Amino acid sequence: MKNPKRKFYVYVDESGQDTKGKFFIVAVLILKNQNLISKKLKQIEVESQKENIKWSKSHPKFRKQYIGRLIGLNLFQKSIYFSILYSSKDFLKFTAQTTGQAILCRTENITDYKATVYIDGFNKAELEKTRKELKNLNIKYKKLRGVKKDENNIFIRLVDSICGLVRQVEKGDEWAEKILKKLKDNQIIKEV
């Protein structure tokens, strides 16, 4: 009997178009078990009072509580990736490449997998260009979809928060630097 393909669910968000190419951040979340993690994330959002709100619209106190609760969770080990592009406006290609690199990193030594990829705010044309980039990287995906209302997706809100955190690090925020270091040390987040 043939082993079933391993399924991965990939959520992607980006930030920095407003910097006009100074820097651009892409965050990627890769999961095997959405249901268990969805329940835990919902609990974290409720406890931190950051429910259904994008990073930029939430109060700094609630941001800190939300991100701080991720640090000790084994559920997220080797699940979150990010990359920063400097001095370029090739956002679309960079988003696709970061997504592909994160999938390759997460599926290292796994040959029989399929990924379902959700990218915040991408339209059909952007998804088609992303599809081509992922094929060039030999990424095995089942579906590639855009997410229209990011506030409605708990996983997109998480990668939005990671983009926000990394952006604060880029601005020299000491608290954000410490939290990002802890997340890296605990193997929850990795720069690709």
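Structure first, text after, so check above.
Because the structure is a prediction, the values reported are computed rather than measured.

About the cut-offs
Residues numbered from 1 in each chain as written. Predicted model: local features only at pLDDT ≥ 70, side-chain atom pairs only at ≥ 80, totals over all residues. Heavy atoms only, no water. Patch = residues over 30% accessible without salt bridge, like charges linked within 9 Å, V, L, I, M, F, W, Y side chains within 5 Å. Areas by Shrake-Rupley, 256 points an atom, 1.4 Å probe, with all protein chains shown as cover. Salt bridge = Lys/Arg side-chain N within 4 Å of Asp/Glu carboxyl O. Lys, Arg positive; Asp, Glu negative; His and termini not counted. Charge placed at Lys NZ, Arg CZ, Asp CG, Glu CD. Helix = DSSP H or I, 4+ residues; strand = E, 2+ residues; numbered from the N terminus. 1 Å grid on protein atoms, 1.4 Å probe; cavity = no way out; pocket = protein on both sides within 12 Å on 5 of 7 lines; lining within 4 Å. Points joined across faces, edges and corners; volume = space filled by probe spheres on them. Nonpolar A, V, L, I, M, F, W, Y, C, P; charged D, E, K, R; others polar. Buried < 20%, exposed > 50% of the residue type's maximum accessible area, 1.4 Å probe, protein only.

> Explain a positive patch on the surface here, please?
On the surface, a cluster of positive charge is contributed by Lys7, Lys142, Lys143 and Arg145. Examining the composition of the positive patch, we find that three residues originate from one element, strand 5 (residues 141–147), more than from any other. The residue Lys143 is located in strand 5 in this model.

> So what exactly am I meant to see when it comes to the layout of surface pockets here?
Vacant regions in the atomic arrangement are exposed by a probe of water-molecule size rolled over the atoms. The calculated volume of the largest pocket comes to roughly 300 Å³. As for the largest pocket, its lining consists of 15 residues, and the residues nearest its centre are Ser15, Ser56, Asp160, Gly164 and Arg167. Of all the elements in the fold, those that place two or more residues in the lining of the largest pocket are strand 1 (6–15) and helix 5 (154–170). Partitioning the lining of the largest pocket into residue classes produces two nonpolar, five polar and eight charged. Roughly 150 Å³ of internal volume is contained in the second largest pocket. If you trace the second largest pocket, you find it lined by Lys78, Ser79, Ile80, Tyr81, Cys105, Glu108, Lys184, Gln187, Ile188, Ile189 and Lys190. Breaking the lining of the second largest pocket down by element, the ones donating at least two residues are strand 3 (80–86) and strand 6 (189–191). Grouping the constituent residues of the lining of the second largest pocket by class yields five nonpolar, two polar and four charged.

> Whenever I open this one, unusual backbone geometry confuses me. Can you help?
Excluding glycine, residues mostly carry a negative phi; peptide bonds, for their part, are mostly trans. Phi at Ser87 is positive, roughly 55°, even though this residue is not glycine. Relative to the assigned elements, Ser87 resides in the loop between strand 3 and helix 3 (91–106). A residue is classified by how much of its surface remains accessible, and Ser87, at 68% relative accessible area, is exposed. Of note, Asn138 is a non-glycine position whose phi angle comes to about 60°, a positive value. When you line up the elements, Asn138 lands in the loop between helix 4 (124–136) and strand 5.

> What is the right way to read the environment of Lys129 from this model?
By the secondary structure assignment, Lys129 is in helix 4. Assessed through its relative accessible area of 52%, Lys129 is described here as exposed. It is 7.8 Å that separates the C-alpha atoms of Lys129 and Leu92, two residues lying 37 residues apart in sequence.

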